[in-house]
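Listed here are the chains, written in short residue letters.
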Amino acid sequence: MIVLYTTERDYPWGTLRSTHGAKTKVVLEEKGVAYRIENLPPGHLMKKPPEMVAKHPLGKVPYLEDGELVIFDSTVIDEYLEERYPQQRLMPSEPIARMRVRELENFADEAMLIGSVPPIWMPYWSEPGKRDLERMEKGRALLRSRDLPYLEKVLGNVSDGSYACGEFSLADVPLMALAMVLEVDAPNLDAFPKVDAYLQRLRQRSSYRAISPKTKVADASGRG
Ligand SMILES: N[C@@H](CCC(=O)N[C@@H](CS)C(=O)NCC(=O)O)C(=O)O
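Criteria and thresholds
Residue numbers run consecutively from 1 along every chain, following the written order of its sequence. Two thresholds apply to this predicted model, a pLDDT of at least 70 for residue-level local features and 80 or more for giving and counting side-chain atom pairs, whereas whole-chain, interface and lining totals are computed over all residues. Being near a molecule or strand means, for a residue, that its backbone-placed C-beta atom lies within 6 Å of it. A run of DSSP states H or I qualifies as a helix once it reaches four residues; a run of E qualifies as a strand once it reaches two. Both are numbered from the N-terminal end. Throughout this entry, Asp, Glu, Lys and Arg are counted as charged residues, while Ala, Val, Leu, Ile, Met, Phe, Trp, Tyr, Cys and Pro are counted as nonpolar. The remaining residues, Gly among them, count as polar. For the domains described, the bounds stem from an automatic or database domain assignment. For the purpose of contact definition, each residue receives a C-beta atom placed from its backbone, and two residues are in contact when these atoms lie within 7 Å. In this analysis, the expected span of each helix is defined as 1.5 Å times one less than the number of residues it contains. Three exposure classes are used, based on other C-beta atoms lying within 10 Å of a residue's own C-beta, which is placed from the backbone: buried for 20 or more, exposed for 12 or fewer, and partly exposed in between. Paired strands, in this sense, are two strands between which DSSP finds at least two bridges.

All right, on to the site of the ligand then. Taken together, Ser-18, Thr-19, His-20, Leu-45, Gly-59, Lys-60, Val-61, Pro-62, Asp-73, Ser-74, Thr-75 and Ile-114 make up all the residues around the ligand. Where the shell around the ligand is concerned, the elements lending two or more residues are helix H1 (19–31) and helix H4 (74–84). In terms of residue class, the shell around the ligand is built from 4 nonpolar, 6 polar and 2 charged.

Shown next, in the form of structure tokens:
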């Protein structure tokens, strides 16, 4: 069975999960592939113990074992899963459409998951009194000034009720992680009505249950 190494923890304000681990979990769920979670302590992301670095040279999550294979980096893992487990396709077949999916996936990852989101999300892993509120506000400001306007524009190019590139695809997967973060941070999205409706649509997918802040660690530790 596939083993996904990631970090998840229950807090009174919701169950928090690695955003990049969530990307991989969503693809496993969408494809109905059997897996179990190996839940690493959040402290491992700082300490980077040798057994972790042996499997991911940067000591990050996620990494995944599929039999003898060890694979790191959420985007690489998700593309591997797409090719290895072709049920429930998450990539279109036409080259320009494939390019657009990869372009948006990369934007969501680079701009948000490693850009504006960590300053918002990481403080939630501490007690409310210990959070760097100034840092959180900077992350929120970047999200509102750069990332959400672009996403609103992208969503303006697809018909209402569809996903970022039409059918649900790998482009939507990092945005599922954004939906998770913004369920906890709960900003006012009146200025971004298409984003607001889209994030709510993402939260309706059955795969979202496995990353929802409402789903406890013990209730989403794998499938099958
Ligand atoms: N490009 C990597 C980024 C992974 C990443 O940054 N993961 C975070 C948790 S969401 C982490 O492990 N942070 C610890 C660190 O940056 O050292 C991927 O897509 O998997």
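Having seen it, we continue.
Another aspect to go through is the domain arrangement of the chain. Domains assigned within the chain are domain 1 (2–89 + 208–223) and domain 2 (95–205). The centre of domain 1, based on its C-alpha atoms, is set 19 Å off from the matching centre of domain 2. Of the residues lining the interface, 18 residues belong to domain 1; the matching set on domain 2 comes to 20 residues. Listed by contribution, the elements that provide at least two residues to the side of domain 1 that touches domain 2 are strand E3 (14–17), H1 and H4. The leading source of residues in the side of domain 1 that touches domain 2 is H1, at 6 residues. Of the residues belonging to the side of domain 1 that touches domain 2, the class tally is 9 nonpolar, 5 polar and 4 charged.

The next point concerns helix H7 (residues 173–185). Helix length check: H7 (13 residues) gives 19 Å between terminal C-alpha atoms against 18 Å at 1.5 Å per residue, within 8%. Buried residues dominate H7, accounting for 10 of its 13 residues. Of the residues making up H7, those classed as buried are Val-173, Pro-174, Leu-175, Met-176, Ala-177, Leu-178, Ala-179, Met-180, Val-181 and Leu-182. Each element contacted by the buried residues of H7 is listed here: E3, H1, H4, helix H5 (95–121) and helix H8 (193–204). One or two steps after H7, the chain reaches Ala-186, where phi turns positive at roughly 45 degrees.

A few words now on the pairing of strand E6 (residues 69–72). The two faces of a sheet get side chains in turn, since along a regular strand they alternate between them. Pairing of strand E5 (residues 63–66) with E6 involves 4 bridges; the strand directions are antiparallel. Pairing of Glu-65 across the sheet is with Val-70, part of E6.

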